[in-house]
Amino acid sequence: MNPVDPPIPAAAVETHLWSGHTSQWVHFWYYFFCILLAGGIGFAATVFGLATAGIGALGYVALVIPLLMWLIRWWATKCTTYELTTQRLRIRSGILNKRTDEMELFRVRDYTMDQPFLLRLVGLGNMTLITSDATTPTLNMRAIPGIEDVREKLRTAVQNERDRKRVRQMDVDNVEDGASPLH
């Protein structure tokens with residue numbers, strides 16, 4: 001730190017509140033399709049006598065396709081993480097090329113939590129954030145474990161950050177027929 005720079009005030013120190021990632025349950029039907037595809041390939045290789053025709057090994061090598069489909073989807077989901085701090089929501093994604101997107105919490109305008117029946121059965125939920133961020137006007141966080149706790153932490157952090165920065169959201173109603181809002 002440069003001796004001329006003022007110290008960072010304690011209120012501006014950023015602390016970690018929560019981190020997590022999308023659950024693999026969100027891809028249940030995709031994974032089910034991969035299993036059906038692998039079963040179909042195995043069935044065709046066995047029943048239609050591809051092994052006796054001399055191309056059986058090729059039929060079984062084709063089983064690599066659904067396995068790769070499964071692994072790539074699993075890895076991509078696992079490599080997407082969300083981190084909530086007292087000042088921002090950070091989204092990191094990518095398998096080989098990494099991308100980090102940060103959204104300042106004072107920009108969150110609204111959020112909606114929903115728990116579809118099948119996700120609720122396994123303790124998961126979705127959250128949609130409406131923001132004033134130019135690059136991310138809407139952010140969807142799908143199949144998040146403990147979504148109610150995450151929503152409460154987000155709500156508290158957004159309000160605290162708005163208070164700290166002295167930012168207020170102003171809602172402007174649409175005025176029809178050119179009437180002045182003052183009349």
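The structure this text deals with has already been given above.
All of the points below concern the structure found in this document.

1. Re the layout of surface pockets
Estimated volume of the largest pocket: approximately 200 Å³. Every residue lining the largest pocket is listed: Trp25, Val26, Phe28, Trp29, Leu118, Leu119, Leu121 and Val122. For the lining of the largest pocket, the per-class residue count stands at 8 nonpolar, no polar and no charged.

2. Re the sheet that holds strand 1 (residues 16-21)
The strand order 1-2-3-4 describes an open sheet built from 4 strands, whose pairing is antiparallel. Looking at the sheet topology across the chains shown, the edges are occupied by strand 1 and strand 4 (99-104). Across the sheet, the mean angle from the axis of one strand to that of its neighbour is 15°, orientation sign disregarded. Where strand 1 and strand 2 (residues 81-85) come together, 5 bridges link them in antiparallel fashion. Counterpart to His21 in the pairing with strand 2 is Thr81. Contacting strand 1 and strand 2, helix 5 (residues 147-165) runs over the sheet at an angle of about 140° to strand 1.

3. Details of the environment of Leu154
Residue placement: Leu154 occurs in helix 5. The class of Leu154 is buried, set by a relative accessible area of 3%. Between the C-alpha atom of Leu154 and that of Leu105, which follows or precedes it by 49 residues, the distance is 8.3 Å.

4. Details of the pattern of salt bridges
For the structure shown, the criterion picks out 10 salt bridges. Notably, a salt bridge pairs Glu83 with Arg90, separated by 3.0 Å at the nearest N-O pair. Of the two residues, Glu83 and Arg90, neither departs from the other in class, the shared state being buried. For the salt bridge of Glu102 with Arg90, the shortest nitrogen-to-oxygen distance reads 2.7 Å. Of the two residues, Glu102 sits in strand 4 while Arg90 sits in strand 3 (residues 88-93), which places them 12 residues apart along the sequence. Three or more residues are tied together by salt bridges with common partners; here these are Glu14, Glu83, Arg88, Arg90, Arg92, Glu102 and Glu104.

5. Observations concerning the pairing of strand 4
Where strand 3 meets strand 4, 6 bridges bridge the pair, whose relative direction is antiparallel. Opposite Arg88, over in strand 4, you have Glu104 as the bridge partner. The hairpin formed by strand 3 and strand 4 contains 5 residues between the paired strands, and Gly94 there has a positive phi angle of roughly 115°.

The rules behind the values
- Residues numbered from 1 in each chain as written.
- Predicted model: local features only at pLDDT ≥ 70, side-chain atom pairs only at ≥ 80, totals over all residues.
- Heavy atoms only, no water.
- 1 Å grid on protein atoms, 1.4 Å probe; cavity = no way out; pocket = protein on both sides within 12 Å on 5 of 7 lines; lining within 4 Å.
- Points joined across faces, edges and corners; volume = space filled by probe spheres on them.
- Nonpolar A, V, L, I, M, F, W, Y, C, P; charged D, E, K, R; others polar.
- Pairing = 2+ DSSP bridges.
- Helix = DSSP H or I, 4+ residues; strand = E, 2+ residues; numbered from the N terminus.
- Axes fitted to C-alpha atoms, helices over the stretch in contact; angles between N-to-C directions.
- Contact = heavy atoms within 4.5 Å.
- Buried < 20%, exposed > 50% of the residue type's maximum accessible area, 1.4 Å probe, protein only.
- Salt bridge = Lys/Arg side-chain N within 4 Å of Asp/Glu carboxyl O.

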